[in-house]
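Results of the structural survey
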Amino acid sequence: RLAALIDQDFPIFLLNPCQGSDAAGQVTVEDMARLYVPHLLAAQPTGQFRIGGFCFGSVLAWEIANQLAKAGRKVEFVVLIDSPTLNGRIALRVAKQVLSLIARISPNKIREKIRIDGMRVIWDYARTTGPGDRLIVWRVIRRLFSDFFKNRLQRVVSNVKIESDLPFMDRYRGMSNYLQPFLDTELFCLVCDEYAMRKDFSPLAWTNLSRVVHIKRIPGGHFTCIFTFAGELANELRKIFSTRHSDSVRS
């Protein structure tokens, strides 16, 4: 429906994320992007790409754009609709590196838990206490270090009971573990009214990871912005496609 409302004179390809896996947490964002890139290259052998996505799809769109650029193809711009931005923050990116170091010196079973769920635990802390407070992230890391040396890390990482076969949790793990690389292109970040003041959805986190970041507020909530207010969203996308003029924040 949204593609029809955009009504432009160029093809729009819709990509659906895979819904879960046989082993939860095993399929990474990079793995998923690699499934789609060959099909995109076949569908459009020449010319530039315009990539976009909503929520988890925006994270996947980022990595697809990254892999297209590595394949030597030009990505004109990327549109992120209500994209979680926690891993654009320096503190969270450092936390990911620290977790990797802890995992290297951990027994195999604990190493796998850290790899799959370590960043998810940090995301849970950051969202609960406020992702802008770097001290909270360091508290989480200190707790992980402390419990590791007390041989209780496994219990900490397993504190939050989840149903690992749920597709949502697979996507949540994937998002928390994915560190966005620098994209040498423009980002158009559309944030709904409901999340406009949430720091974990603030596009300002991307200003060091892209050449130019454009920010626009759109009506509705996280889901209603793409359903109830699909017409308004389509209008914004048409503006991006046609004029590409917006207030921007330059890195």
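The preceding data block contains the structure.
This one's a predicted model, so the numbers in the text were calculated from it and none came from an experiment.

**Re the side chain of Thr-85**
By the element assignment, Thr-85 lies in the loop between strand S2 (75-81) and helix H4 (90-104). Within the structure, the side chain of Thr-85 is placed 3.0 Å from the backbone oxygen of Ser-202, a separation counted as a polar contact. Excluding residues within four positions of it along the chain, Thr-85 makes contact with Lys-199, Asp-200, Phe-201, Ser-202, Pro-203, Ala-205 and Trp-206.

**Description of the layout of surface pockets**
If a probe the size of a water molecule is rolled over the atoms, the empty space left behind becomes visible. The volume enclosed by the largest pocket comes to roughly 1600 Å³. Looking at the largest pocket, it is lined by 50 residues, and the ones nearest its centre are Leu-14, Leu-15, Gly-52, Gly-53 and Phe-54. Sorting the residues of the lining of the largest pocket by element identifies helix H1 (2-6), helix H2 (29-43), strand S1 (49-54), helix H3 (56-70), S2, helix H8 (167-177) and helix H9 (230-242) as the ones contributing at least two each. Broken down by element, the residue count for the lining of the largest pocket peaks at six residues, all from S1. Of the volumes computed, that of the second largest pocket is approximately 330 Å³. Around the second largest pocket sit 21 residues that line it, and Thr-28, Lys-96, Arg-115, Ile-116 and Asn-177 are the ones nearest its centre. Listed by contribution, the elements that provide at least two residues to the lining of the second largest pocket are H2, H4, helix H5 (108-129) and H8. By residue number, the principal contributor to the lining of the second largest pocket is H5, which donates six residues.

**A word on the pattern of salt bridges**
Pairing between side chains of opposite charge can happen when the charged atoms of each approach one another. On inspection of all chains with the given rule, the structure shows 12 salt bridges. The salt bridge involving Asp-117 is made with Arg-173; its shortest N-O contact spans 2.8 Å. Linking Asp-117 in helix H5 with Arg-173 in helix H8, this pair joins segments that are 56 residues apart in sequence. One salt-bridge network, in which partners are shared between bridges, spans Asp-117, Arg-120, Asp-124, Asp-170 and Arg-173.

Analysis parameters
Residues numbered from 1 in each chain as written. Predicted model: local features only at pLDDT ≥ 70, side-chain atom pairs only at ≥ 80, totals over all residues. Heavy atoms only, no water. Helix = DSSP H or I, 4+ residues; strand = E, 2+ residues; numbered from the N terminus. Polar contact = N/O pair within 3.5 Å; in protein donor to acceptor, adjacent residues only side chain to side chain. Contact = heavy atoms within 4.5 Å. 1 Å grid on protein atoms, 1.4 Å probe; cavity = no way out; pocket = protein on both sides within 12 Å on 5 of 7 lines; lining within 4 Å. Points joined across faces, edges and corners; volume = space filled by probe spheres on them. Salt bridge = Lys/Arg side-chain N within 4 Å of Asp/Glu carboxyl O.

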